[in-house]
Amino acid sequence: MKTIKGARPRGLALHLALILGVLVSLFPFYWTVVMSTHSTSEIFQFPPKLLPGSHFGENVGNLFDSVDFFGSMFNSLIVAGSVTFLVLFFDSLAAFVFAKFRFPGRRTLFVIMMGIFMVPAQLQAIPQFVIMARIGWIGSLTALVVPAAANAFGIFWMRQYMRGAIHDELMDASRLDGCGFLRQYWHVALPVVRPGLAFLGIFTFMGQWNDYAWPLIALVNPGHVTLQVALSQLNGVHGTTDYGMVMTGALLALIPLLIVFAIGARQMIADLAKGAIR
């Protein structure tokens, strides 16, 4: 009885701490919503207003008049969606080879890949720009998609996941059934590692959606940019920054991310639960 009585206060304290953490995490989103409904002068008032205002429609209209919001969002959707699909395919395929097959030079190749993983992205910008310029892709969305089609982090993450999720007995059974490499990858590996793929998909999509530096360098046409670059142009549209309009753009840019996160997280949790039942 003492153990049960002592566990209840600890459980209550844990739940209160979790609720507090959720509220702290959600406050930036709520504050973004509040600021997107106020004018710039109201945003800088003291004390700050904590309730939504009445300028959301005006801010939306100013946003659409200042930048090609939907065109830029469409470009970001193409880039983020294409990169996510390619990363899930190529990274999982390479990770499957590293995790479940032995071949000469495997460790050397993996060490080289981890070395590439440690190179900062800023150091890759200049040689990457030179290569894209020589190919003739500068100014097109191809320059954003192809260089990001595979990455060392995704291969490392999926390799570690596959090593624990795909048992050797399952691979041996598939070989006895006559499965080749591609059938093993498609019918044995992918159904088991879908939670890992869901996480990698969410991580990759969010990273590409929020990427600013490389699209700013590669897309030389100001009228043909991704959403993050277009939103950065709002700072100098009218000489002075309209922060209500900027926050409205940031709020609308969050919607696709929330949708992707909700779908991916639901798929990840469902697959984990299904695997636990099995």
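Treat the numbers as computed from the prediction; the structure is a model and nothing was measured.

A.B. asks: Just to check I follow, could you spell out the layout of surface pockets for this structure?
C.D. replies: Space left empty within the atom packing is revealed by a probe, the size of a water molecule, rolled over the atoms. Here the largest pocket is characterised by a volume of approximately 1,000 Å³. Among the elements of the structure, helix 4 (69–100), helix 5 (106–117), helix 6 (121–135), helix 8 (152–165), helix 11 (194–209) and helix 12 (213–218) are those that each provide at least two residues to the lining of the largest pocket. Ranked by residue count, the leading element in the lining of the largest pocket is helix 11, at 6 residues. Split into classes, the residues belonging to the lining of the largest pocket amount to 23 nonpolar, 9 polar and 1 charged. In this structure, the second largest pocket encloses a volume near 330 Å³. Lining the second largest pocket, in full, are Phe98, Ala99, Lys100, Phe101, Arg102, Arg106, Arg107, Phe110, Val111, Arg159, Arg163 and Asp168. For the lining of the second largest pocket, the secondary structure elements donating two or more residues are helix 4, helix 5 and helix 8.

A.B. asks: How should empty space enclosed by the protein be read in this particular structure?
C.D. replies: Counting across every chain of the model gives 1 cavity of 30 Å³ or more. Quantified by volume, the largest cavity comes out at close to 40 Å³. Around the largest cavity, the lining residues are Trp31, Val34, Met35, His38, Glu42, Ile43, Pro48 and Lys49. Take the lining of the largest cavity: its biggest share by element is 3 residues, from helix 1 (residues 2–36). Per-class residue counts for the lining of the largest cavity are 5 nonpolar, 1 polar and 2 charged.

A.B. asks: Is there a simple way to explain the packing of helix 4 against helix 8 in this structure?
C.D. replies: Working note: a packed helix pair is described by the angle between its axes plus the distance between those axes. For the pair helix 4 and helix 8, interaxial distance at closest approach is 8 Å and the crossing angle is 50°. One way to sum up the angle between helix 4 and helix 8 is to call them oblique. For the crossing formed where helix 4 meets helix 8, the hand is right-handed. Mapping the contact onto sequence places Asp91, Ser92, Ala94, Ala95, Phe96, Phe98, Ala99 and Lys100 in helix 4 and Gly154, Ile155, Met158, Arg159, Met162 and Arg163 in helix 8.

A.B. asks: Is there a simple way to think about the pattern of salt bridges in this case?
C.D. replies: It is possible for side chains of opposite charge to pair when their charged atoms get near one another. If you walk through the whole model with that rule in mind, you get 2 salt bridges. One salt bridge in this structure joins Asp168 and Lys100, with 3.1 Å as the shortest N-O distance. Of this pair, Asp168 sits in helix 9 (residues 168–176) while Lys100 sits in helix 4, and the two are 68 residues apart along the sequence. For Asp168, a relative accessible area of 47% translates into the label partly exposed. Between Asp172 and Arg175 there is a salt bridge, with its nearest N and O atoms 3.0 Å apart. With Asp172 and Arg175 both in helix 9, this residue pair falls 3 residues apart, about one helical turn. Overall, the relative accessible area of 41% leaves Asp172 in the partly exposed class. Judged by its relative accessible area of 38%, Arg175 is partly exposed.

A.B. asks: Help me understand the nonpolar core, please; the structure alone is not making it clear to me.
C.D. replies: The nonpolar side chains of soluble globular proteins are, as a tendency, buried together. If you look at the biggest cluster of nonpolar residues, it comprises 30 residues, and the most contacted ones within it are Phe96, Leu144, Met158, Met162, Ile166 and Val193. Counting only elements with at least two residues in this core, the list comes to helix 4, helix 7 (142–145), helix 8, helix 10 (181–192), helix 11, helix 12 and helix 13 (227–232). Ranked by residues supplied to this core, first place goes to helix 4 with 7 residues. Apart from residues lying up to four places away in sequence, Phe96 is in contact with Phe101, Met162, Ile166, Met171, Phe181, Gln184, Tyr185 and Ala189. By size, the runner-up hydrophobic cluster in this structure holds 15 residues, among which are Phe69, Met73, Met245 and Leu257.

Reading the values: rules and limits
Residues numbered from 1 in each chain as written. Predicted model: local features only at pLDDT ≥ 70, side-chain atom pairs only at ≥ 80, totals over all residues. Heavy atoms only, no water. 1 Å grid on protein atoms, 1.4 Å probe; cavity = no way out; pocket = protein on both sides within 12 Å on 5 of 7 lines; lining within 4 Å. Points joined across faces, edges and corners; volume = space filled by probe spheres on them. Helix = DSSP H or I, 4+ residues; strand = E, 2+ residues; numbered from the N terminus. Nonpolar A, V, L, I, M, F, W, Y, C, P; charged D, E, K, R; others polar. Axes fitted to C-alpha atoms, helices over the stretch in contact; angles between N-to-C directions. Parallel < 35°, antiparallel > 145°, perpendicular 65-115°, else oblique. Left-handed = near helix turned anticlockwise from the far one by under 90°. Contact = heavy atoms within 4.5 Å. Salt bridge = Lys/Arg side-chain N within 4 Å of Asp/Glu carboxyl O. Buried < 20%, exposed > 50% of the residue type's maximum accessible area, 1.4 Å probe, protein only. Core = buried A, V, L, I, M, F, W, Y, C linked by side-chain atoms within 4.5 Å.

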